[in-house]
Amino acid sequence: MQRRHVRIYGFVQGVGFRFAVERAASSRDVSGWVRNRSDGAVEAVFEGEPQDVEALVDFCRHGPRGAEVERVEVEEESPEGLAGFRVAG
């Protein structure tokens, strides 16, 4: 089990980024959450098998059509045993 905390900067709000991440996470059985930040970034936490978590981090480096990702910050964290994936506030 692996956990990554990700912050995505650029033109990433208003382009369906959170919902694209939710679909990708659900298709890979990854738990966690994704939300918009007040500074215009998108923030997410992914927990799951290493190859699935890394695939989601890679997805965040490009995002869905319409997104313009400028940079991605990734932090390794200890898994908390999250269940399910949700779009938060």
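Procedures and definitions
Residues numbered from 1 in each chain as written. Predicted model: local features only at pLDDT ≥ 70, side-chain atom pairs only at ≥ 80, totals over all residues. Heavy atoms only, no water. Core = buried A, V, L, I, M, F, W, Y, C linked by side-chain atoms within 4.5 Å. Buried < 20%, exposed > 50% of the residue type's maximum accessible area, 1.4 Å probe, protein only. Contact = heavy atoms within 4.5 Å. Helix = DSSP H or I, 4+ residues; strand = E, 2+ residues; numbered from the N terminus. Arc of directions from axis to C-beta. Polar contact = N/O pair within 3.5 Å; in protein donor to acceptor, adjacent residues only side chain to side chain.

J.: Help me understand the nonpolar core in this model?
T.: Soluble globular proteins: nonpolar side chains tend toward being buried together. Judged by nonpolar contacts, the single largest core of 20 residues is most densely connected at V6, I8, F17, V21, F46 and C60. Apart from residues lying up to four places away in sequence, F17 is in contact with I8, V12, V42, C60, G63, P64, A67 and V69.

J.: Please clarify how helix α1 (residues 17-27) should be interpreted in this entry.
T.: What sets the pattern is the α-helix's 3.6 residues per turn: residues three or four places apart point alike. All buried positions along α1 are accounted for by F17, R18, A20, V21, A24 and A25. The buried residues of α1 all sit within an arc of 160 degrees when viewed along its axis, so they share a single face. Seen from the open side of α1, the exposed residues pointing more than 90 degrees away from its buried face are R23, S26 and S27. Packed against the buried residues of α1 are β1 (2-11), β2 (31-36), β3 (42-48), α2 (50-60), β4 (68-77) and β5 (85-87).

J.: I tried to follow α2 on my own but got confused; where do I start?
T.: Looking at α2, one finds that the buried residues are D52, V53, L56, V57 and C60. With its buried residues spanning 140 degrees around the axis, α2 presents them on a single face. Those residues of α2 hidden inside the fold are in contact with β1, α1, β3 and β4.

J.: Explain the environment of F17 to me, please; I cannot follow it from the model alone.
T.: Structurally, the position occupied by F17 is in helix α1. Along the sequence, F17 and R35 sit 18 residues apart, while their C-alpha atoms lie 9.3 Å from each other.

J.: Is there a simple way to think about the side chain of S31 in this case?
T.: Within the fold, S31 resides in strand β2. At 3.2 Å, the side chain of S31 and the backbone nitrogen of G84 are in polar contact. Setting aside residues no more than four positions away along its own chain, S31 makes contact with V45, F46, E47, L82, A83, G84 and F85.

All we've got here are geometric facts, nothing functional implied.
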